[in-house]
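Listed below, chain by chain, are the residues.
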Amino acid sequence: MLRERIGEIRELTDLPGVQARFAMKACPATKVLREMAGAGIWIDAVSGNEVLRALHAGHAAGMEPPVICFTADVFRDNALEVVLEYGVLPNIGSPGMIDELARAGYRGKVSLRINPGFGHGHVNSCDTGGPSSKHGIWHADAGEAAERAAAAGMTVVMLHAHIGSGPQFEELLENLGRLAELFAGMVPLFPGLEAVSLGGGIPHNYRDAGAKVPLGRLKELFGKAQARLSEAAGRAVRVEIEPGRYYVAPTCTLVTRVTDVKRTQTNEKGAGAVFAMVDAGFVDLVRPAMYGSWHGISVVGRESGGETEAVVVAGPLCESGDVFTRDDAELIQPRELPKLAAGDLLAIRDAGAYGYAMSSNYNSIGKAPQLWLEPDGSVTQISRRETLEDILKAETEERV
Ligand SMILES: Cc1ncc(COP(=O)(O)O)c(C=O)c1O
(Lines give C-alpha, C1' and ligand atoms only; values in the text may rest on other atoms or scores of the structure.)
Protein backbone atom coordinates (compact mmCIF):
# COMPACT_ATOMS: atom_id res chain seq x y z
CA MET A 1 0.00 0.00 0.00
CA LEU A 2 2.89 2.35 0.82
CA ARG A 3 4.46 1.68 -2.57
CA GLU A 4 1.12 2.25 -4.24
CA ARG A 5 0.74 5.64 -2.55
CA ILE A 6 4.33 6.59 -3.41
CA GLY A 7 3.52 5.67 -7.02
CA GLU A 8 0.44 7.92 -6.96
CA ILE A 9 2.47 10.89 -5.74
CA ARG A 10 5.19 10.22 -8.30
CA GLU A 11 2.54 10.25 -11.02
CA LEU A 12 1.02 13.42 -9.54
CA THR A 13 4.37 15.21 -9.69
CA ASP A 14 5.49 13.77 -13.01
CA LEU A 15 5.66 17.24 -14.57
CA PRO A 16 8.61 19.42 -15.57
CA GLY A 17 9.75 21.52 -12.62
CA VAL A 18 7.56 19.81 -10.01
CA GLN A 19 9.11 17.89 -7.09
CA ALA A 20 7.56 15.84 -4.27
CA ARG A 21 8.87 15.67 -0.74
CA PHE A 22 7.72 13.50 2.17
CA ALA A 23 6.85 15.36 5.38
CA MET A 24 8.65 12.72 7.43
CA LYS A 25 7.10 13.79 10.74
CA ALA A 26 4.07 11.70 9.72
CA CYS A 27 6.06 8.44 9.89
CA PRO A 28 9.83 8.69 10.30
CA ALA A 29 10.71 4.96 10.36
CA THR A 30 13.97 4.25 8.53
CA LYS A 31 12.25 1.59 6.43
CA VAL A 32 9.72 4.16 5.18
CA LEU A 33 12.41 6.80 4.59
CA ARG A 34 14.39 4.29 2.50
CA GLU A 35 11.35 3.59 0.32
CA MET A 36 11.08 7.35 -0.25
CA ALA A 37 14.79 7.67 -1.10
CA GLY A 38 14.52 4.78 -3.55
CA ALA A 39 11.57 6.48 -5.25
CA GLY A 40 13.35 9.85 -5.59
CA ILE A 41 11.06 11.57 -3.07
CA TRP A 42 12.80 14.40 -1.21
CA ILE A 43 12.32 15.15 2.51
CA ASP A 44 10.73 17.83 4.64
CA ALA A 45 12.23 17.48 8.13
CA VAL A 46 11.21 19.54 11.17
CA SER A 47 13.98 18.99 13.71
CA GLY A 48 17.73 18.47 13.74
CA ASN A 49 17.18 14.82 14.62
CA GLU A 50 14.69 14.36 11.77
CA VAL A 51 17.39 15.64 9.39
CA LEU A 52 19.85 13.13 10.91
CA ARG A 53 17.29 10.31 10.55
CA ALA A 54 16.78 11.20 6.88
CA LEU A 55 20.56 11.19 6.31
CA HIS A 56 20.83 7.86 8.15
CA ALA A 57 18.22 6.41 5.77
CA GLY A 58 20.26 7.47 2.73
CA HIS A 59 18.85 10.87 1.76
CA ALA A 60 21.52 13.27 0.51
CA ALA A 61 22.91 16.25 2.42
CA GLY A 62 23.57 19.63 0.83
CA MET A 63 21.66 21.92 -1.47
CA GLU A 64 22.57 20.74 -4.94
CA PRO A 65 19.77 19.78 -5.06
CA PRO A 66 18.20 20.51 -1.66
CA VAL A 67 17.01 16.95 -0.99
CA ILE A 68 16.37 17.71 2.68
CA CYS A 69 14.51 20.88 3.57
CA PHE A 70 14.48 21.70 7.28
CA THR A 71 11.26 23.48 8.19
CA ALA A 72 11.59 25.00 11.67
CA ASP A 73 9.21 27.06 13.78
CA VAL A 74 11.98 27.33 16.37
CA PHE A 75 15.64 26.28 16.28
CA ARG A 76 16.30 24.07 19.27
CA ASP A 77 18.78 21.45 20.43
CA ASN A 78 21.08 20.48 17.56
CA ALA A 79 19.08 22.34 14.85
CA LEU A 80 21.61 25.06 13.99
CA GLU A 81 24.57 22.67 14.20
CA VAL A 82 22.87 20.29 11.79
CA VAL A 83 22.13 23.10 9.31
CA LEU A 84 25.78 24.22 9.41
CA GLU A 85 27.28 20.75 9.27
CA TYR A 86 25.10 19.19 6.56
CA GLY A 87 24.16 22.24 4.52
CA VAL A 88 20.46 21.42 4.44
CA LEU A 89 18.09 24.18 3.35
CA PRO A 90 16.68 26.00 6.40
CA ASN A 91 13.03 26.94 5.95
CA ILE A 92 12.38 29.49 8.67
CA GLY A 93 9.10 30.29 10.35
CA SER A 94 9.82 33.65 12.01
CA PRO A 95 11.92 36.68 11.01
CA GLY A 96 14.23 36.55 14.05
CA MET A 97 15.49 33.16 12.91
CA ILE A 98 17.48 34.95 10.20
CA ASP A 99 19.50 36.61 12.97
CA GLU A 100 19.87 33.30 14.78
CA LEU A 101 21.27 31.71 11.63
CA ALA A 102 23.59 34.68 11.11
CA ARG A 103 24.85 34.54 14.71
CA ALA A 104 25.58 30.83 14.24
CA GLY A 105 27.79 31.77 11.27
CA TYR A 106 25.40 30.71 8.52
CA ARG A 107 25.51 32.49 5.15
CA GLY A 108 23.85 31.25 2.01
CA LYS A 109 20.47 29.99 0.89
CA VAL A 110 17.31 30.16 2.99
CA SER A 111 13.64 29.45 2.51
CA LEU A 112 10.89 31.53 4.12
CA ARG A 113 7.79 29.81 5.47
CA ILE A 114 4.95 32.24 4.88
CA ASN A 115 1.60 32.44 6.68
CA PRO A 116 -0.60 33.43 3.73
CA GLY A 117 -3.48 34.49 5.98
CA PHE A 118 -5.77 31.64 4.90
CA GLY A 119 -5.95 27.85 5.05
CA HIS A 120 -7.85 25.18 6.87
CA GLY A 121 -6.78 22.14 8.89
CA HIS A 122 -8.74 18.88 9.16
CA VAL A 123 -9.82 20.21 12.57
CA ASN A 124 -9.59 23.80 13.85
CA SER A 125 -6.64 23.03 16.11
CA CYS A 126 -4.69 21.97 13.00
CA ASP A 127 -5.12 25.25 11.14
CA THR A 128 -1.80 26.10 9.53
CA GLY A 129 -2.64 29.42 7.88
CA GLY A 130 -4.49 32.50 9.11
CA PRO A 131 -4.25 34.93 12.02
CA SER A 132 -4.64 32.18 14.64
CA SER A 133 -1.81 30.04 13.24
CA LYS A 134 1.61 30.09 14.89
CA HIS A 135 3.28 28.92 11.68
CA GLY A 136 5.30 31.07 9.32
CA ILE A 137 6.05 34.72 8.64
CA TRP A 138 2.94 36.82 8.09
CA HIS A 139 2.66 37.41 4.31
CA ALA A 140 2.79 41.21 4.59
CA ASP A 141 6.12 40.93 6.45
CA ALA A 142 7.79 38.91 3.67
CA GLY A 143 9.47 41.98 2.09
CA GLU A 144 11.00 43.02 5.40
CA ALA A 145 12.23 39.45 5.95
CA ALA A 146 13.79 39.53 2.46
CA GLU A 147 15.73 42.71 3.35
CA ARG A 148 16.81 41.24 6.67
CA ALA A 149 18.05 38.08 4.93
CA ALA A 150 19.95 40.07 2.28
CA ALA A 151 21.59 42.23 4.97
CA ALA A 152 22.72 39.03 6.73
CA GLY A 153 24.28 37.64 3.53
CA MET A 154 21.51 35.16 2.80
CA THR A 155 19.57 34.57 -0.40
CA VAL A 156 15.94 33.59 -0.24
CA VAL A 157 15.69 30.71 -2.70
CA MET A 158 12.32 29.31 -1.68
CA LEU A 159 8.94 30.56 -0.52
CA HIS A 160 6.94 27.99 1.37
CA ALA A 161 3.50 27.65 2.91
CA HIS A 162 1.42 24.80 4.25
CA ILE A 163 -2.26 25.55 4.28
CA GLY A 164 -3.65 22.23 5.53
CA SER A 165 -6.07 19.94 3.77
CA GLY A 166 -9.33 21.55 4.83
CA PRO A 167 -12.46 19.55 5.24
CA GLN A 168 -13.27 19.73 1.52
CA PHE A 169 -11.11 18.91 -1.49
CA GLU A 170 -12.59 21.84 -3.42
CA GLU A 171 -11.45 24.16 -0.66
CA LEU A 172 -7.93 22.73 -0.86
CA LEU A 173 -7.82 23.32 -4.62
CA GLU A 174 -9.10 26.86 -4.21
CA ASN A 175 -6.60 27.62 -1.44
CA LEU A 176 -3.67 26.16 -3.40
CA GLY A 177 -4.58 28.29 -6.44
CA ARG A 178 -4.83 31.35 -4.21
CA LEU A 179 -1.45 30.53 -2.65
CA ALA A 180 0.27 30.18 -6.04
CA GLU A 181 -1.13 33.61 -7.00
CA LEU A 182 0.04 35.17 -3.73
CA PHE A 183 3.56 33.79 -4.32
CA ALA A 184 3.52 34.94 -7.96
CA GLY A 185 2.85 38.47 -6.67
CA MET A 186 5.81 38.21 -4.26
CA VAL A 187 8.31 37.03 -6.89
CA PRO A 188 9.78 40.54 -7.57
CA LEU A 189 10.86 40.77 -3.91
CA PHE A 190 13.03 37.68 -4.29
CA PRO A 191 15.48 37.88 -7.21
CA GLY A 192 17.22 34.66 -6.09
CA LEU A 193 14.03 32.61 -5.96
CA GLU A 194 14.46 29.04 -7.25
CA ALA A 195 11.39 27.27 -5.84
CA VAL A 196 7.99 27.61 -4.26
CA SER A 197 6.58 24.98 -1.92
CA LEU A 198 2.82 24.60 -1.71
CA GLY A 199 3.13 22.39 1.39
CA GLY A 200 1.33 19.14 2.16
CA GLY A 201 -2.23 18.49 3.15
CA ILE A 202 -3.50 16.06 0.52
CA PRO A 203 -6.37 14.56 2.47
CA HIS A 204 -6.92 10.90 3.28
CA ASN A 205 -10.49 9.76 3.72
CA TYR A 206 -10.46 7.98 7.09
CA ARG A 207 -14.18 7.18 6.93
CA ASP A 208 -14.16 5.60 3.48
CA ALA A 209 -11.03 3.56 2.77
CA GLY A 210 -12.01 3.09 -0.89
CA ALA A 211 -12.57 6.80 -1.61
CA LYS A 212 -10.23 8.30 -4.18
CA VAL A 213 -8.79 11.80 -4.06
CA PRO A 214 -9.08 13.33 -7.56
CA LEU A 215 -5.32 13.68 -7.94
CA GLY A 216 -5.65 14.54 -11.65
CA ARG A 217 -7.13 17.91 -10.72
CA LEU A 218 -4.24 18.59 -8.36
CA LYS A 219 -1.75 17.67 -11.08
CA GLU A 220 -3.36 20.17 -13.42
CA LEU A 221 -3.13 22.83 -10.72
CA PHE A 222 0.56 22.11 -10.02
CA GLY A 223 1.38 22.31 -13.73
CA LYS A 224 -0.40 25.66 -14.04
CA ALA A 225 1.22 26.98 -10.85
CA GLN A 226 4.68 26.04 -12.15
CA ALA A 227 4.02 27.87 -15.43
CA ARG A 228 2.52 30.92 -13.69
CA LEU A 229 5.39 31.26 -11.19
CA SER A 230 8.04 30.75 -13.86
CA GLU A 231 6.39 33.41 -16.01
CA ALA A 232 6.30 35.83 -13.06
CA ALA A 233 10.00 35.19 -12.33
CA GLY A 234 11.14 35.19 -15.95
CA ARG A 235 12.96 31.88 -15.37
CA ALA A 236 12.06 28.33 -14.36
CA VAL A 237 10.81 28.12 -10.78
CA ARG A 238 10.43 24.66 -9.22
CA VAL A 239 7.13 23.87 -7.54
CA GLU A 240 7.32 21.52 -4.57
CA ILE A 241 4.74 19.70 -2.51
CA GLU A 242 5.33 17.88 0.76
CA PRO A 243 2.48 15.59 1.75
CA GLY A 244 2.88 13.45 4.84
CA ARG A 245 -0.38 11.76 5.66
CA TYR A 246 -1.33 10.83 2.10
CA TYR A 247 1.65 8.50 1.66
CA VAL A 248 1.32 6.66 4.93
CA ALA A 249 -2.12 7.02 6.60
CA PRO A 250 -3.68 3.81 5.25
CA THR A 251 -0.48 1.77 5.39
CA CYS A 252 -0.57 0.92 9.07
CA THR A 253 -3.01 -0.83 11.38
CA LEU A 254 -2.79 -0.71 15.16
CA VAL A 255 -3.62 -4.18 16.46
CA THR A 256 -4.94 -4.40 20.00
CA ARG A 257 -6.55 -7.06 22.17
CA VAL A 258 -9.85 -6.73 24.02
CA THR A 259 -9.16 -7.48 27.67
CA ASP A 260 -12.69 -7.12 29.06
CA VAL A 261 -16.16 -5.75 28.32
CA LYS A 262 -18.00 -3.79 31.02
CA ARG A 263 -21.01 -1.48 31.33
CA THR A 264 -22.10 1.72 33.01
CA GLN A 265 -25.81 2.40 33.65
CA THR A 266 -27.89 5.42 32.65
CA ASN A 267 -28.46 7.86 35.52
CA GLU A 268 -29.14 11.59 36.01
CA LYS A 269 -25.68 12.44 34.63
CA GLY A 270 -26.07 10.73 31.29
CA ALA A 271 -26.52 7.60 29.23
CA GLY A 272 -24.91 4.31 30.15
CA ALA A 273 -22.42 2.71 27.76
CA VAL A 274 -20.67 -0.55 26.96
CA PHE A 275 -16.89 -0.29 27.26
CA ALA A 276 -14.58 -2.66 25.40
CA MET A 277 -11.30 -2.34 27.28
CA VAL A 278 -8.26 -2.85 25.04
CA ASP A 279 -4.53 -2.98 25.64
CA ALA A 280 -3.62 -0.07 23.30
CA GLY A 281 -4.07 3.54 24.33
CA PHE A 282 -3.35 7.07 23.25
CA VAL A 283 0.32 6.37 23.92
CA ASP A 284 0.13 4.28 20.73
CA LEU A 285 -2.26 6.44 18.66
CA VAL A 286 -3.12 9.87 20.06
CA ARG A 287 -5.21 11.32 17.20
CA PRO A 288 -8.66 10.35 18.57
CA ALA A 289 -7.79 11.63 22.06
CA MET A 290 -6.04 14.76 20.82
CA TYR A 291 -8.52 16.01 18.26
CA GLY A 292 -11.40 13.57 18.08
CA SER A 293 -10.14 11.93 14.88
CA TRP A 294 -12.18 9.04 13.51
CA HIS A 295 -10.40 5.75 12.80
CA GLY A 296 -12.10 2.67 11.34
CA ILE A 297 -12.15 -0.31 13.72
CA SER A 298 -12.74 -3.92 12.73
CA VAL A 299 -12.70 -7.17 14.66
CA VAL A 300 -10.10 -9.55 13.27
CA GLY A 301 -11.81 -12.62 11.77
CA ARG A 302 -15.31 -11.13 12.10
CA GLU A 303 -15.34 -8.57 9.29
CA SER A 304 -18.92 -9.39 8.28
CA GLY A 305 -22.12 -10.78 9.79
CA GLY A 306 -23.04 -11.62 13.39
CA GLU A 307 -24.64 -9.71 16.25
CA THR A 308 -23.47 -6.12 16.75
CA GLU A 309 -23.45 -3.72 19.68
CA ALA A 310 -22.57 -0.02 20.16
CA VAL A 311 -19.36 0.07 22.21
CA VAL A 312 -16.85 2.57 23.46
CA VAL A 313 -13.33 1.29 22.80
CA ALA A 314 -11.11 2.44 25.67
CA GLY A 315 -7.48 1.89 26.62
CA PRO A 316 -5.34 1.19 29.69
CA LEU A 317 -4.09 4.71 30.48
CA CYS A 318 -4.93 6.65 33.60
CA GLU A 319 -6.82 9.36 31.62
CA SER A 320 -10.57 9.44 30.97
CA GLY A 321 -9.84 10.58 27.43
CA ASP A 322 -8.03 7.35 26.60
CA VAL A 323 -10.81 6.37 24.20
CA PHE A 324 -10.52 5.46 20.50
CA THR A 325 -14.20 6.08 19.67
CA ARG A 326 -14.49 9.86 19.95
CA ASP A 327 -15.97 12.51 17.71
CA ASP A 328 -15.30 16.11 16.73
CA ALA A 329 -16.85 17.38 19.96
CA GLU A 330 -14.17 15.30 21.70
CA LEU A 331 -16.82 13.27 23.50
CA ILE A 332 -17.15 9.49 23.53
CA GLN A 333 -19.13 8.15 20.64
CA PRO A 334 -20.09 4.46 20.89
CA ARG A 335 -19.37 2.56 17.66
CA GLU A 336 -21.50 -0.28 16.26
CA LEU A 337 -19.13 -3.30 16.21
CA PRO A 338 -19.54 -7.07 16.26
CA LYS A 339 -20.33 -8.10 19.85
CA LEU A 340 -16.96 -8.18 21.61
CA ALA A 341 -15.49 -10.51 24.21
CA ALA A 342 -12.17 -10.67 26.02
CA GLY A 343 -9.50 -12.05 23.70
CA ASP A 344 -10.86 -10.50 20.48
CA LEU A 345 -8.31 -8.65 18.37
CA LEU A 346 -9.26 -5.23 17.04
CA ALA A 347 -7.67 -3.62 14.01
CA ILE A 348 -7.63 0.16 14.34
CA ARG A 349 -7.18 1.34 10.76
CA ASP A 350 -5.30 4.14 9.05
CA ALA A 351 -2.81 4.57 11.89
CA GLY A 352 0.18 5.18 9.58
CA ALA A 353 0.27 8.97 9.72
CA TYR A 354 0.93 10.68 13.05
CA GLY A 355 0.41 7.29 14.75
CA TYR A 356 3.67 5.75 15.98
CA ALA A 357 5.26 9.11 15.17
CA MET A 358 3.25 10.76 17.95
CA SER A 359 3.41 7.84 20.39
CA SER A 360 4.71 8.55 23.87
CA ASN A 361 5.95 7.02 27.07
CA TYR A 362 3.12 8.32 29.25
CA ASN A 363 2.43 5.80 32.02
CA SER A 364 5.91 4.31 31.33
CA ILE A 365 4.45 1.61 29.13
CA GLY A 366 7.10 1.76 26.39
CA LYS A 367 6.34 2.04 22.70
CA ALA A 368 4.75 -0.84 20.81
CA PRO A 369 6.76 -2.78 18.23
CA GLN A 370 6.34 -1.96 14.54
CA LEU A 371 5.96 -4.78 12.03
CA TRP A 372 6.55 -4.52 8.29
CA LEU A 373 4.52 -6.72 5.93
CA GLU A 374 5.76 -7.44 2.41
CA PRO A 375 3.38 -8.49 -0.38
CA ASP A 376 4.81 -12.05 -0.22
CA GLY A 377 3.48 -12.35 3.34
CA SER A 378 6.85 -12.06 5.10
CA VAL A 379 6.88 -9.94 8.23
CA THR A 380 9.85 -8.11 9.74
CA GLN A 381 9.97 -6.37 13.09
CA ILE A 382 11.31 -2.90 12.23
CA SER A 383 11.32 -1.59 15.78
CA ARG A 384 11.07 -3.70 18.93
CA ARG A 385 8.86 -3.16 21.94
CA GLU A 386 10.45 -0.58 24.24
CA THR A 387 11.44 -1.85 27.64
CA LEU A 388 11.69 -0.27 31.07
CA GLU A 389 15.48 -0.16 30.51
CA ASP A 390 14.91 1.99 27.39
CA ILE A 391 12.78 4.37 29.43
CA LEU A 392 15.26 4.58 32.31
CA LYS A 393 18.29 4.94 30.02
CA ALA A 394 18.14 8.75 29.86
CA GLU A 395 17.80 9.21 33.62
CA THR A 396 20.92 10.40 35.43
CA GLU A 397 22.00 11.84 38.75
CA GLU A 398 24.65 14.11 37.21
CA ARG A 399 25.14 17.45 38.93
CA VAL A 400 24.83 20.42 36.58
C1 LIG B 1 5.16 22.36 6.94
C2 LIG B 1 4.32 21.14 6.77
N3 LIG B 1 4.50 20.40 5.67
C4 LIG B 1 3.80 19.27 5.47
C5 LIG B 1 2.89 18.83 6.40
C6 LIG B 1 2.20 17.54 6.12
O7 LIG B 1 0.82 17.62 6.17
P8 LIG B 1 -0.05 16.35 5.77
O9 LIG B 1 0.46 15.20 6.58
O10 LIG B 1 -1.44 16.72 6.13
O11 LIG B 1 0.16 16.13 4.31
C12 LIG B 1 2.65 19.58 7.56
C13 LIG B 1 1.70 19.13 8.58
O14 LIG B 1 1.46 19.70 9.60
C15 LIG B 1 3.39 20.78 7.74
O16 LIG B 1 3.22 21.55 8.83
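Each remark here, short or long, concerns the structure printed above.
Below you will find a few notes about this structure. On a predicted model such as this, the values are computed, not experimentally measured, just so you know.

Moving on, we come to the environment of Ser132. Locating Ser132 in the fold gives a position in the loop between strand E5 (108-115) and strand E6 (137-138). For Ser132 and Gly117, which are 15 residues apart along the polypeptide, the C-alpha to C-alpha distance reads 9.0 Å.

Attention now moves to the packing of helix H5 (residues 96-103) against helix H6 (residues 142-151). Contact pair H5 / H6: the axes reach a minimum separation of 9 Å and the direction vectors enclose 10°. One way to sum up the angle between H5 and H6 is to call them roughly parallel. Together, Gly96, Ile98 and Asp99 of H5 and Ala145, Arg148 and Ala149 of H6 make up the contact between the two elements. Grouping the amino acids of the contact of H5 with H6 by side-chain chemistry returns three nonpolar, one polar and two charged.

This part covers a nonpolar patch on the surface. Together, Leu371, Leu373 and Val379 line one region of the surface with nonpolar side chains, adding up to about 330 Å² of accessible area. As for its placement among the helices and strands, Val379 is situated in strand E17 (residues 379-383). Using a relative accessible area of 52% as the deciding quantity, one classes Val379 as exposed.

Lining the immediate environment of the ligand, one finds 13 residues, of which Gly201, Glu242, Gly244, Arg245 and Tyr354 sit closest. Between Lys25 and the ligand, the recorded distance is 3.3 Å, taken from a side-chain N or O atom to an oxygen atom. Gly244 is positioned such that a nitrogen or oxygen atom in its backbone is 2.9 Å from an oxygen atom of the ligand. Against a free-state accessible area of 400 Å², the protein chains account for coverage of 90% of the ligand. Here the residues of the shell around the ligand sort into three nonpolar, five polar and five charged.

With that out of the way, let us pick up the packing of aromatic side chains. Both the distance between ring centres and the angle between the ring planes are used here to describe each pair of aromatic rings. In the structure shown here, the tally under the stated rule is three aromatic pairs. Taking 5.2 Å as the distance between ring centres and 85° as the angle between the ring planes, the aromatic pair formed by Phe22 and Tyr247 counts as edge-to-face. Of the two residues, Phe22 is situated in strand E1 (residues 18-23) and Tyr247 in helix H9 (residues 245-248); the sequence distance between them amounts to 225 residues. Residue Tyr247 is classed as buried on the basis of its relative accessible area, which comes to 0%. Looking at Arg178, its charged tip hangs above the ring of Phe118, at a distance of 3.9 Å from the centre. Above the ring of Tyr356, the side-chain terminus of Lys367 is found at 5.9 Å from the ring centroid.

Cut-offs used in this document
Note that residues are indexed from 1 along each chain, following the sequence as it is written. A pLDDT threshold of at least 70 governs which residues receive local features in this predicted model, and a stricter bar of 80 or more applies before side-chain atom pairs are shown or counted, although totals over entire chains, interfaces and linings include all residues. Side-chain descriptors were evaluated using all non-hydrogen atoms of the structure, hydrogens and water having been removed beforehand. Working definition: helices are DSSP H or I runs of at least four residues, strands are E runs of at least two. Numbering for both runs from the N terminus. Each axis is a line fitted through C-alpha atoms, and for a helix only the stretch in contact is used; angles between axes span 0 to 180 degrees, taken between their N-to-C directions. To sort the angles, those under 35 degrees are grouped as roughly parallel, those over 145 as roughly antiparallel, those from 65 to 115 as roughly perpendicular, and the leftovers as oblique. We call two residues in contact whenever any of their non-hydrogen atoms come within 4.5 Å of each other. Basically, the charged four are Asp, Glu, Lys and Arg, the nonpolar ten are Ala, Val, Leu, Ile, Met, Phe, Trp, Tyr, Cys and Pro, and anything else, Gly included, counts as polar. By definition, no residue in a patch forms a salt bridge, and every one has over 30% relative accessible area; like charges are joined within 9 Å, nonpolar side chains (Val, Leu, Ile, Met, Phe, Trp, Tyr) within 5 Å. Note on areas: these come from Shrake-Rupley sampling with a 1.4 Å probe, and a residue is covered only by the protein chains present in the view. In what follows, salt bridge is the name for a side-chain nitrogen of Lys or Arg lying within 4 Å of a carboxyl oxygen of Asp or Glu. Any residue under 20% of the maximum accessible area for its type is buried, any over 50% is exposed, and the rest in between are partly exposed; the area is computed with a 1.4 Å probe on protein chains only. Definition of nearness: a residue and a molecule or strand are near each other if at least one heavy atom of the residue lies within 4 Å of the molecule or strand. For this analysis, a polar contact is any N or O atom pair within 3.5 Å, provided that within protein one partner can donate a hydrogen and the other can accept it, and provided that sequence-adjacent residues contribute only side-chain to side-chain pairs. Pairing of aromatic rings covers Phe, Tyr and Trp, the last counted by its six-membered ring, and requires centre-to-centre distances within 6.5 Å; plane angles under 30 degrees mean stacked, over 60 mean edge-to-face, and any other angle means tilted. Whether a charge lies above a ring is judged from NZ of Lys or CZ of Arg, which has to be within 6 Å of the ring centre and within 35 degrees of the ring normal.

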